[in-house]
Amino acid sequence: MSPSPELSVIVPTFNERENVQELVKRLTAVLDGVAWEVIFVDDDSPDGTAALVREVARQDPRVRVLQRIGRRGLSTACVEGMLASSAPYLAVMDGDLQHDESILPAMLRGVKEGGFEIAIGSRYVVGGGLGQWAGDRQFASRFATRVSRLLLKAAVQDPMSGYFLLKRGVLEGAVHDLSGIGFKILLDLFASSPKPLRFIEVPYEFRTRQAGESKFDTAVLWDFLMMLLDKTLGRYVPIRFIPFALVGGAGVFVHLFVLWLVFDLGGARFAVGQTVAAVVAMTFNFFINNVVTYRDRQLRGWGLLRGWVSFTLACSLGAVANVGIATYAFETHLVGQTAWVLSAIAGIIVGAVWNYAVTSVYTWNKVKGA
Ligand code: GDD
Ligand code: MN
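Bear in mind that the values here come from a model prediction, so they are computed numbers and not experimental data.

**Examining the site of ligand 1**
In the neighbourhood of ligand 1, 27 residues make up the surrounding shell, with E16, D43, R72, M160 and K215 lying closest. The contact in question runs from an oxygen atom of ligand 1 to an N or O atom on the side chain of H99, over 2.8 Å. Between ligand 1 and G162 there is a distance of 3.2 Å, counted from an oxygen atom to a backbone nitrogen or oxygen. Out of a free accessible area of 740 Å², ligand 1 has 98% covered by protein chains.

**Notes on the packing of helix α5 (residues 135-151) against helix α8 (residues 218-232)**
Across the interface, α5 lies against α8 with an axial gap of 11 Å and an inter-helix angle of 10°. Between α5 and α8, the angle falls in the class roughly parallel. Judged by the twist between their axes, the crossing of α5 over α8 is left-handed. The residues of α8 that touch α5, namely those facing A144, V147, S148 and L151, are F224, L228, K231 and T232. A per-class count over the contact of α5 with α8 returns five nonpolar, two polar and one charged.

**Looking at the layout of surface pockets**
Each pocket or cavity is described by its volume, and for the second largest pocket that value is around 940 Å³. Lining the second largest pocket are 30 residues; nearest its centre among them are V252, H255, A319, N322 and N355. When residues in the lining of the second largest pocket are grouped by element, the largest group, 10 residues, is from helix α9 (residues 241-265). Residue composition of the lining of the second largest pocket, by class: 17 nonpolar, 13 polar and no charged.

**Remarks on unusual backbone geometry**
Of note in the backbone geometry, D44 takes a positive phi value of approximately 55° without being a glycine. Here the phi dihedral of L97 falls at roughly 70°; this positive angle occurs in a residue that is not glycine. Assignment of secondary structure puts L97 in the loop between β4 (89-92) and α4 (104-112).

**Brief notes about the environment of G81**
Within the secondary structure, G81 sits in helix α3 (residues 74-83). In this structure G81 comes out as buried when scored by relative accessible area, which is 0%. As a C-alpha pair, G81 and S8 span 73 residues in sequence and 9.1 Å in three-dimensional space. Discounting residues that sit within four places of it in the chain, G81 has contacts with I10, I39, V41 and L66.

**Describing the pairing of strand β3 (residues 63-67)**
The pairing of strand β2 (residues 36-42) with β3 spans five bridges and is parallel. Its bridge partner being in β3, V38 is matched across the sheet by V63. Traced from β2 through helix α2 (residues 49-59) to β3, the parallel crossover comes out right-handed.

**Points about the sheet that holds β3**
With mixed pairing, seven strands are arranged side by side in an open sheet as β3-β2-β1-β4-β6-β5-β7. Both outer strands of the open sheet, β3 and β7 (199-203), are each paired with one neighbouring strand and no more. Put simply, the sheet's adjacent strands are angled 20° from each other on average, direction ignored. Across five bridges, the pairing between strand β5 (residues 118-122) and β7 is parallel. Looking at β7, one finds that I118 is bridged to F199. Here α3 sits on the sheet in contact with β1 (7-13), β2, β3, β4 and β6 (164-167), set at roughly 150° to β1. Of the strands in this sheet, β1, β4, β5, β6 and β7 touch α4, which is tilted by about 25° from β6.

**Quick look at the nonpolar core**
By size, the foremost hydrophobic cluster in this structure holds 34 residues, and its most contacted members are L7, V9, L27, F40, L104 and L165. For L7, the residues in contact, after removing those within four places along its chain, are L31, V34, A35, W36, E37, A87, Y89, L90, A91, L108 and L165.

**Remarks on α2**
Because the α-helix completes a turn every 3.6 residues, residues three or four places apart line up on one side. Among the residues of α2, T49, A50, L52, V53 and V56 are the ones counted as buried. Taken end-on, α2 shows its buried residues confined to a sector of 160°, consistent with a single buried face.

**Some words on the environment of Y124**
Tracing the chain through its elements places Y124 in the loop between β5 and α5. Here Y124 falls in the buried class, since its relative accessible area comes to 18%. Setting aside anything within four residues of it in sequence, one finds Y124 in contact with L130, S141, R142, T145, Q157 and D158. Here the side chain of Y124 touches S141 through a polar contact of 2.8 Å, side chain to side chain.

**Focus on the UniProt feature "transmembrane region" (unreviewed entry) in the chain**
The UniProt record annotates "transmembrane region" (unreviewed entry) at residues 241-263, 269-288, 308-330 and 342-364. In residues 241-263, the share of helix is 100% and the share of strand is 0%. The end C-alpha atoms are 32 Å apart. A helix fraction of 91% and a strand fraction of 0% characterise residues 342-364, whose end C-alpha atoms lie 31 Å from each other.

Criteria and cut-off values
- Residues numbered from 1 in each chain as written.
- Chains lettered and ligands numbered in written order.
- Predicted model: local features only at pLDDT ≥ 70, side-chain atom pairs only at ≥ 80, totals over all residues.
- Heavy atoms only, no water.
- Near = heavy atom within 4 Å.
- Polar contact = N/O pair within 3.5 Å; in protein donor to acceptor, adjacent residues only side chain to side chain.
- Areas by Shrake-Rupley, 256 points an atom, 1.4 Å probe, with all protein chains shown as cover.
- Axes fitted to C-alpha atoms, helices over the stretch in contact; angles between N-to-C directions.
- Helix = DSSP H or I, 4+ residues; strand = E, 2+ residues; numbered from the N terminus.
- Parallel < 35°, antiparallel > 145°, perpendicular 65-115°, else oblique.
- Left-handed = near helix turned anticlockwise from the far one by under 90°.
- Contact = heavy atoms within 4.5 Å.
- Nonpolar A, V, L, I, M, F, W, Y, C, P; charged D, E, K, R; others polar.
- 1 Å grid on protein atoms, 1.4 Å probe; cavity = no way out; pocket = protein on both sides within 12 Å on 5 of 7 lines; lining within 4 Å.
- Points joined across faces, edges and corners; volume = space filled by probe spheres on them.
- Buried < 20%, exposed > 50% of the residue type's maximum accessible area, 1.4 Å probe, protein only.
- Pairing = 2+ DSSP bridges.
- Right-handed = clockwise from strand over helix to strand, strands pointing away.
- Core = buried A, V, L, I, M, F, W, Y, C linked by side-chain atoms within 4.5 Å.
- Arc of directions from axis to C-beta.
- UniProt positions renumbered as here; feature names shortened; annotations may be inferred.

Set out below in structure tokens:
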């Protein structure tokens, strides 16, 4: 056996305490004869998964833990786990025993001896299956699978699989371009690799979870959408700008509605109505962006107040820039005679880009908001 591991199994975990020991036991049995290690990448699970892994690790040096604080994210957990290893072969598998560990040797053989760069544990090739997934989840998975095949340069049957084994070089080729958003790390790897990957799919039957809970929810679907956008339009615009601009558009309707209430119905002075409407619209935009656009950096508690203040300040300056640019464009006929619509659009674009750029740094600061 070589002195250092040949295969690292990366296991992302969030509240998987009850599954850790069983998984290590099963890996030990199935990887007999292979120099392996397992790296649990735990996002500071409240159930104490990391502490338990450390306990197991004291008895078994093949077990390691990478505990991340103030972070969440399945994809980034897998990537960082792989980067923490020096092994030439890297596997990624769930920590809830739903992925059938008994196919690991076949996956390793495929990559080590079969000339493939990546082996995918697949539910959609002959011999594989979805197990006892609920009907709607099966439908969602099949649908998402179709969509993602469009994005890929490869006819992978199960691009949504979270179970695969690859040569280190595959990671190194893609790692600087990965979007790292959400759950679908395999899809990300394929979409970010400079060349089409030589892959093989090894069938397995998806098991039912026995302990702990799934973290799959509608947010996962949102992340999936964001990742697809990033991989298609991300070259041209920062991907968060799209939801940010959509929220801004919705804010216009909020503004008009409040103005109608205060000025038209309520009989207040126009300037009063306009001010109230602007503040309400900005507040609306702030909260929606906080839960949608910046879900992964969501501000809470006092951070919310600080965020709201900086957001409102930034957007007020943005409004000044908007009006300034639009007026300048209109008065100097920059975009043509009487082109009031184009002038307004120029102002709106400058204002929106300003708001986005400034609030991405000051309101949803990556470090503070993490
Ligand atoms: N570190 C970390 N951070 N781990 C996480 C996080 C997170 O934010 N969210 C989930 N996990 C871990 C879970 O603890 C589990 O080990 C694994 O990631 C998969 O999460 P589940 O919540 O069990 O997902 P699932 O069963 O609905 O879907 C999984 O299987 C599908 C089929 O292979 C995922 O791996 C999907 O990506 C995959 O398509
Ligand atoms: Mn699961």
